[in-house]
Amino acid sequence: MRTRRTRDAVTGWALLAPSLLGTVVFLLVPVGVALWLSLQRWDLVSPARWAGLDNYATVLSDAGIRHSFAVTLLFTVLVIPVQTALGLFVAVLLARRLPGSTFFRVLYVVPWVCAPLVVGLVWRWVFDPSTGALNAILGTRVEWLTSHTLALPAVAFVTVWTQVGYVALFFLAGLAGIPAQLADAARVDGAGPWRVFWSITLPLLRPTTSFVLITGIISSFQVFDTVYAMTGGGPGGATSLLAYEIYSEAFTALRMGRAAAIAVVLTVVLVVLTLAQRWWFGRRTTYEVAS
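Residues numbered from 1 in each chain as written. Predicted model: local features only at pLDDT ≥ 70, side-chain atom pairs only at ≥ 80, totals over all residues. Heavy atoms only, no water.

In the annotation of an unreviewed UniProt entry, the protein chain is listed under the name Carbohydrate ABC transporter permease and assigned to Kineococcus halophytocola. Its UniProt record, at the heading Sequence similarities (unreviewed entry), says of the protein chain: "Belongs to the binding-protein-dependent transport system permease family." (UniProt positions renumbered as here; feature names shortened; annotations may be inferred.)

Below is the structure:
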């Protein structure tokens, strides 16, 4: 019996080994390196020097980094409600299995599976004030990506356009898991389409909505490729999101310690936001239907 248990344990660990190796190499080791770097002064050329918590003190007091954090929050506010609402709307339409719905399922997902850098370059051409397709359609010249007012909404629009298919897929899976008998019973009792959606569908989509919001916020705080390709953080820092600020600190200013400190602070912020959302959505029972 002991030999069998030992053999089963060895087999189990052997099967887990590839995943564990990937987790250690690509997650735990980078996290450890980032924590170590955040306590150092290093310019990629000279030897690293111990800085203690100086990088964190500098990061928390730096006006430019606080500006990037504010821009990231505004960007998140612009993106998350729109992409969540649009994703739910698209999922509801696709769930009706109208003619051509299979084609549109694929069409909505294509932007999400494309490389963000390529998507950003394409939309940079679309928004180009001189040769861009959008201004050609409008028949006027609009400085979409060089305007302090329009640059961030333009980047937010591209992010929403990219993520709507991803959000719709999860809502579509959530809708498929809702028993049809509940909606049928509500219709028999005289409930209209809006009442069925508001009182039955939305409450039962609570776990899906929680997942979509959590992953969406994390993703919006990590947007880099689109900003890098479309605006380069400009104009005047109007689109300098935190992920782009980390890149600038590390590979433009060659301050690896400060860049790592920003990344650690960003991780802490995301963990706090994730826990807050889980608490908020966990206050009610998953299958409690609103009255």
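Text resumes after the structure shown.
Along its length, the protein chain carries 13 helices and two strands. Taking the principal axes of the C-alpha coordinates as reference, the protein chain spans close to 80 × 75 × 35 Å. The buried share of the protein chain, taken over its 291 residues, is 38%. Considering only intrachain contacts with a sequence separation of at least 6, the fraction spanning at least 24 residues in the protein chain is 66%. Surface summary for the protein chain: the accessible area is close to 17100 Å², and the carbon and sulfur share equals 69%. Mean positive and mean negative side-chain charge positions of the protein chain (20 and 12 charges, respectively) differ by 10 Å. (Helix = DSSP H or I, 4+ residues; strand = E, 2+ residues; numbered from the N terminus. Buried < 20%, exposed > 50% of the residue type's maximum accessible area, 1.4 Å probe, protein only. Contact = heavy atoms within 4.5 Å. Areas by Shrake-Rupley, 256 points an atom, 1.4 Å probe, with all protein chains shown as cover. Lys, Arg positive; Asp, Glu negative; His and termini not counted. Charge placed at Lys NZ, Arg CZ, Asp CG, Glu CD.)

A word on a nonpolar patch on the surface. Taken together, Leu-21, Val-24, Val-25, Phe-26, Leu-27, Leu-28, Val-29, Val-31, Val-33 and Leu-35 make up a surface patch of nonpolar side chains, about 910 Å² in accessible area. Mapped onto the fold, Leu-28 is located in helix α1 (residues 2–37). (Patch = residues over 30% accessible without salt bridge, like charges linked within 9 Å, V, L, I, M, F, W, Y side chains within 5 Å. Salt bridge = Lys/Arg side-chain N within 4 Å of Asp/Glu carboxyl O.)

Looking now at the packing of aromatic side chains. Evaluation of the coordinates by the stated rule reveals 17 aromatic pairs. A centroid spacing of 5.5 Å and a plane angle of 35° characterise the contact between Trp-123 and Phe-127, whose relative ring orientation is tilted. Looking at Trp-123, the relative accessible area reads 14%, which means it is buried. Exposure remark for Phe-127: the relative accessible area of 4% places this residue in the buried category. Ring pairing ties together the aromatic residues Trp-123, Phe-127, Trp-144, Phe-157 and Trp-161, which thus form one cluster. (Phe/Tyr/Trp six-rings, centres within 6.5 Å; stacked < 30°, edge-to-face > 60°.)

This brings us to the pattern of salt bridges. Summed over all chains, the structure comprises six salt bridges. Across the pair Glu-143 and Arg-141 runs a salt bridge, and its minimum N-O distance is 2.9 Å. Arg-258 is the salt-bridge partner of Glu-249, the closest N and O atoms lying 3.5 Å from each other. Given the relative accessible area of 11%, Arg-258 is considered buried. When salt bridges with common partners are traced through the structure, they connect Asp-62, Glu-249, Arg-255 and Arg-258 into a single cluster.

Bringing the nonpolar core into the picture now. By size, the foremost hydrophobic cluster in this structure holds 61 residues, and its most contacted members are Phe-75, Trp-123, Phe-127, Phe-171, Met-230 and Leu-241. It is helix α7 (residues 151–176) that contributes the most residues to this core, 13 residues altogether. If we skip the residues at most four places from it in the chain, Trp-123 touches Phe-157, Val-158, Trp-161 and Met-230. (Core = buried A, V, L, I, M, F, W, Y, C linked by side-chain atoms within 4.5 Å.)

Now for empty space enclosed by the protein. Tallied over the full model, the rule gives one cavity of 30 Å³ or more. The calculated volume of the largest cavity comes to roughly 30 Å³. Lining of the largest cavity is provided by Leu-94, Arg-105, Tyr-108, Val-109, Gly-165, Ala-168, Leu-169 and Leu-172. When contributions to the lining of the largest cavity are tallied by element, the ones reaching two or more residues are α4 (101–113) and α7. It is α7 that provides the largest number of residues to the lining of the largest cavity, a total of four residues. (1 Å grid on protein atoms, 1.4 Å probe; cavity = no way out; pocket = protein on both sides within 12 Å on 5 of 7 lines; lining within 4 Å. Points joined across faces, edges and corners; volume = space filled by probe spheres on them.)

In this fold, Thr-209 is placed in helix α10 (residues 206–221). With near-sequence residues (within four places) excluded, Thr-209 lies in contact with Phe-171 and Phe-281.

On to the UniProt feature "domain: ABC transmembrane type-1" (unreviewed entry) in the protein chain, then. Annotation from UniProt places "domain: ABC transmembrane type-1" (unreviewed entry) at residues 69–277. End-to-end, the C-alpha atoms of residues 69–277 are 19 Å apart, and along that stretch the chain is 76% helix and 0% strand.

Let us now look at α7. Between its first and last C-alpha atoms α7 spans 38 Å; for 26 residues at 1.5 Å apiece the expected length is 38 Å, and the two agree. Roughly 40° is the biggest bend found in α7, and it falls at Gln-163. Among the 26 residues that make up α7, 19 are buried, leaving the element largely enclosed by the rest of the structure. (Expected span 1.5 Å × (residues − 1). Bend = angle between axes of the 7 residues up to and from the residue.)

Here the focus is the UniProt feature "transmembrane region" (unreviewed entry) in the protein chain. On the UniProt side, "transmembrane region" (unreviewed entry) is annotated at positions that read residues 12–37, 69–94, 106–126, 150–175, 196–221 and 259–281 here. End C-alpha to end C-alpha, residues 69–94 measures 36 Å, and it is 100% helix and 0% strand. Between the end C-alpha atoms of residues 196–221 the distance is 34 Å, and the span holds 96% helix and 0% strand.

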